[in-house]
Amino acid sequence: MGRGTIFLSLCATAAFLGASSLPAQAPPAGRPPLQIGWSPKKTPYAAYQAPNRAWWKLADVLAMHKGQKNWSQPIVRNKDLMADWHQMAPGGHTPEVEYPDNRTGIIVWAGQLKVSIKGQEPFIAGKGFQIDVPFRLPFTMESVGNEPALWFEVHAAGDLPIYPVATTPEKPKDLSGFTYQQAVLMGGDGKYDEVNKPYLDFFKDVVQGGARAGAFISGDHMFINNIRGKGTPTPPPSNLGHFHFGHDEFWFIMEGNIDYQIEGVPFFTAAPGDIVTAAQGRWHRASFGGPVGQMATRVAINPYPYGLHNYSVESGGRQ
C-alpha cells in the first residue's frame, strides 16, 4: 500500500477497456499511464478466520498473557504469510535455526535482544529495531537486560526451521506430517543487498536521524515497507482506497495514529504496536491519523513487492 507506481491492471484472461472510459486527465507525474480493466474481486470478501482479526490491539495481547514471562501469540495466518508476537524473559535465548527459502522479518518492541546472524557482527536490538534475516543464514536471539524482550516475527506461511546437526529439532507445532531427517543442505546462503540490510534502528535512524522511511525487506515472497507521513484530515467514506486480488495485507503501527476504513469493518484508529489486517478482496484505506501534522508510520506487510492495487475508476487511481 502507498507505493509510488500504483496502477490498475486486469486479469490475464480479460480484455482491456478503451481509454475513453477514464476521466480526461493526465496521470500524476512519475506514474505510468493509467490502465483500466475488469479485475477479479473476491465476492463476498474473505472472512477473518482465527487467529486473524481486522484489529489486534497490543494492549489486548499483553492482557492475554499478563503474568507470563515467556509466551507466543499467533496473530496472522494466511496462505502467504504468518506472524506472531513473542516475549522472552531476561537470560532466555532462541535455538539456532535457519529457514529454507524465505526471509524472516522481526520488529523489536520492548526490552533488548542480542541478535547473532551468520556472517554478521552480533548486535543489540532495542525498541523499534527492524531485523532482516535472509534464508539459510543460521541465527539466534538472546534476551539481555533487565526486562523481557518483546518482538513481532514474520515468516512465509508454513515455514519450518532447519536445525544444526548437533541440535535435537523441536517437533513441528503448526504442521502435521513432517519429521526431521539429516540432509546435505545445498543452494547457497541468502544475502543482503542495497535494500535488505541486517537491521534498521527506526527511531534513531528515521525519527531522530531523518533517514528515509521505505522498504526494509523486499524479497520474492515478503515485502515489509515503512510508510511515514504527517497527520491529515480523515478522507470521506466515499474514498474506498483499494483492494488486492489474491492476498491479504497487514500492518504494524510504528508511531502515531493510523485511521482505517476496511470494507465490512467499523472505522477505527490504530495505535503503536497494533496489528491491522485487510482480508483478501476487501476495500481498505489507511490514512495518517491526527492530530494534523503529527508524524505517523505504518509498516505494510504483504507477499509481493509489486503487488497489484485495484482502485475505483472514479478515483482515477488515487487514494
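To be clear, the structure that these remarks concern was listed above.
Here we summarise the structure given alongside this text.

About the thresholds
Residues numbered from 1 in each chain as written. Predicted model: local features only at pLDDT ≥ 70, side-chain atom pairs only at ≥ 80, totals over all residues. Heavy atoms only, no water. Salt bridge = Lys/Arg side-chain N within 4 Å of Asp/Glu carboxyl O. Helix = DSSP H or I, 4+ residues; strand = E, 2+ residues; numbered from the N terminus. Buried < 20%, exposed > 50% of the residue type's maximum accessible area, 1.4 Å probe, protein only. Pairing = 2+ DSSP bridges. Axes fitted to C-alpha atoms, helices over the stretch in contact; angles between N-to-C directions. Core = buried A, V, L, I, M, F, W, Y, C linked by side-chain atoms within 4.5 Å. Contact = heavy atoms within 4.5 Å.

Another aspect to go through is the pattern of salt bridges. This structure, assessed with the given rule, holds seven salt bridges. Between Asp84 and Arg77 there is a salt bridge, with its nearest N and O atoms 2.8 Å apart. Between Arg103 and Asp132 there is a salt bridge, with the nearest N and O atoms lying 3.1 Å from each other. Placement of the pair is Arg103 in the loop between strand E3 (81–88) and strand E4 (104–110) and Asp132 in strand E7 (residues 129–133), with a sequence separation of 29 residues. Arg103 sits in the buried class, given a relative accessible area of 10%.

The next point concerns the sheet that holds strand E2 (residues 71–77). As summarised here, the arrangement of the six strands in space is E2-E3-E9-E4-E7-E10, forming an open sheet in which the pairing is antiparallel. Lying at the two open borders of the sheet, with one neighbouring strand each, are E2 and strand E10 (199–201). Neighbour-to-neighbour, the strand axes of this sheet turn through a mean angle of 15 degrees, independent of strand direction. Summarising the sheet, E4 and strand E9 (residues 149–156) pair through five bridges and their orientation is antiparallel. Opposite Gly105, over in E9, you have Val154 as the bridge partner.

Further remarks concern the sheet that holds strand E5 (residues 112–117). One open sheet holds the three strands; their spatial order is E6-E5-E8, and the pairing between them is antiparallel. Unpaired on one side and paired on the other, strand E6 (123–125) and strand E8 (139–144) mark the two borders of the sheet. The mean angle between the axes of side-by-side strands here comes to 30 degrees, regardless of whether they run parallel or antiparallel.

Ranked by internal contacts, the top residues of the largest apolar core, which has 28 residues, are Trp85, Phe152, Phe250, Phe252 and Ile275. Apart from the residues lying within four places of it in its own chain, the contact partners of Phe252 are Trp85, Ile107, Trp109, Phe152, Gly273, Asp274, Ile275, Thr297, Arg298 and Val299. Of all hydrophobic cores here, the second largest spans 19 residues; its members include Ile106, Val108, Ile117 and Ile131.

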